[in-house]
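So you can see what is in the structure, the chains are spelled out below.
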Amino acid sequence: MKQKGFTTIEIIVAMSIFLIISAASFGIYTNFQNVIAETGLKEVGSVINSAANKARNGLFGTSWGIYFPYDEVTRKTETAVIFSGDSYGARDTSKDINIKFTKAIEFINMSVSGSGSSSGNDHEIVFLPFSADTSQYGEILVQSFGATSTIIVSKDGFITWK
């Protein structure tokens, strides 16, 4: 008489295969999250750098800036605006370049008031034409998918990460 069912060895082999596939999938997912997080953080630095380069190149002979419209409570935004003018409020809206981030960026702290005092809630940086010098230099602490990075804006409009 032939018995139906699975042997203990067959069950152990099936469970082992399942665990190996699960572990590999988790590793791939974690790696994917890290790549997305890194991309989000680099996007913030890239848009700041883009505004500084437009000013440095003297595009339209005006100052250029970047404005981050993050929510003061959640500290998150999915967009940024590169603008032409001496401030976001006094900008030439016809030259606005709206940037959409791949994922919501969280601005943990944005202190770019130069040598002045800041509450950590600054929203814009303006770069002077031809030099990209700025009085709004300092540090921006940003987070994306749990990864955190500090972007440093220097007086002469150069961006570095730490």
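Each value, and the rule that gives it
Residues numbered from 1 in each chain as written. Predicted model: local features only at pLDDT ≥ 70, side-chain atom pairs only at ≥ 80, totals over all residues. Heavy atoms only, no water. Helix = DSSP H or I, 4+ residues; strand = E, 2+ residues; numbered from the N terminus. Contact = heavy atoms within 4.5 Å. Areas by Shrake-Rupley, 256 points an atom, 1.4 Å probe, with all protein chains shown as cover. Phe/Tyr/Trp six-rings, centres within 6.5 Å; stacked < 30°, edge-to-face > 60°. Lys NZ or Arg CZ within 6 Å of the ring centre and 35° of its normal. Salt bridge = Lys/Arg side-chain N within 4 Å of Asp/Glu carboxyl O. Pairing = 2+ DSSP bridges. Axes fitted to C-alpha atoms, helices over the stretch in contact; angles between N-to-C directions. Patch = residues over 30% accessible without salt bridge, like charges linked within 9 Å, V, L, I, M, F, W, Y side chains within 5 Å. Buried < 20%, exposed > 50% of the residue type's maximum accessible area, 1.4 Å probe, protein only. Polar contact = N/O pair within 3.5 Å; in protein donor to acceptor, adjacent residues only side chain to side chain.

Some details on the overall build of the chain
And step 1. A count of helices and strands for the chain gives one helix and seven strands.
And step 2. When contacts within the chain are restricted to residue pairs at least 6 apart in sequence, long-range pairs at least 24 apart make up 54% of them.
And step 3. Here the chain has roughly 9,500 Å² of accessible surface; of this, 60% comes from carbon and sulfur atoms.

Considering unusual backbone geometry
And step 1. For Phe130, which is not a glycine, the phi torsion comes out positive at approximately 75°.
And step 2. The residue Ala132 is not glycine, and still its phi comes out positive at about 65°.
And step 3. Structurally, the position occupied by Ala132 is in the loop between β4 (124-127) and β5 (138-144).

Topic: the packing of aromatic side chains
And step 1. Taken as a whole and assessed by the stated rule, the structure comprises five aromatic pairs.
And step 2. Judged by centre distance (5.7 Å) and plane angle (75°), the rings of Phe83 and Tyr88 are edge-to-face.
And step 3. An aromatic cluster is present here, built from Tyr67, Phe83 and Tyr88 joined pairwise through their rings.
And step 4. Cation over ring: Arg56 sits above Phe158, and NZ or CZ is 4.3 Å from the ring centre.
And step 5. Here Lys95 stacks its cationic end above the ring of Phe60, 4.7 Å away from the centre of that ring.

Thoughts on the pattern of salt bridges
Pairing is possible between side chains that carry opposite charge, provided their charged atoms lie close to one another.
And step 1. What the rule picks out here adds up to four salt bridges.
And step 2. Where Lys162 meets Glu139, a salt bridge forms, and the shortest distance between an N and an O atom there is 3.4 Å. You can see Lys162 sitting in the segment after β7 (159-161) and its partner Glu139 sitting in strand β5, a full 23 residues away along the chain.

With respect to the sheet that holds β5
And step 1. Here seven strands make up an open sheet; going across it, the order is β4-β1-β2-β3-β5-β6-β7 and the pairing antiparallel. Two strands in the sheet have a free side with no partner beyond their single neighbour: β4 and β7. Neighbour to neighbour, the strand axes of the sheet diverge by 35° on average, direction disregarded.
And step 2. Note that strand β2 (residues 76-84) and strand β3 (residues 97-111) share six bridges and pair antiparallel.

Overview of a nonpolar patch on the surface
And step 1. Taken together, the side chains of Ile9, Val13, Ile17 and Ile21 define a hydrophobic patch exposed on the protein surface, amounting to about 400 Å² of accessible area.
And step 2. Given the relative accessible area of 45%, Val13 is considered partly exposed.

A closer look at the environment of Phe101
And step 1. Among the structural elements, Phe101 can be located in strand β3.
And step 2. Separated by 24 residues in the primary sequence, Phe101 and Thr77 have C-alpha atoms spaced 8.3 Å apart.
And step 3. Contact partners of Phe101, with chain neighbours within four places excluded, come to Glu43, Val44, Val47, Phe68, Thr77, Glu78, Thr79 and Ala80.

Some remarks on the pairing of strand β6 (residues 147-153)
And step 1. The pairing of β5 with β6 spans seven bridges and is classified as antiparallel. In the sheet register, Gln143 faces β6, and the bridge partner there is Thr148.
And step 2. In textbook terms, the turn of a hairpin is the stretch between consecutive antiparallel strands, and for β5 and β6 this stretch comprises two residues, one of which, Phe145, has a positive phi near 55°.
And step 3. Where β6 lies against β7, three bridges are found, and the strand directions are antiparallel.

Some thoughts on the environment of Lys95
And step 1. Mapping Lys95 onto the fold places it in the loop between β2 and β3.
And step 2. Sequence separation between Lys95 and Gly85 is 10 residues, and the spatial gap between their C-alpha atoms is 9.3 Å.
And step 3. Within polar-contact distance, the side chain of Lys95 engages the side chain of Asp92 at 2.7 Å.

Note that every value here comes from positions in space, so none of it alone points to a role or purpose.
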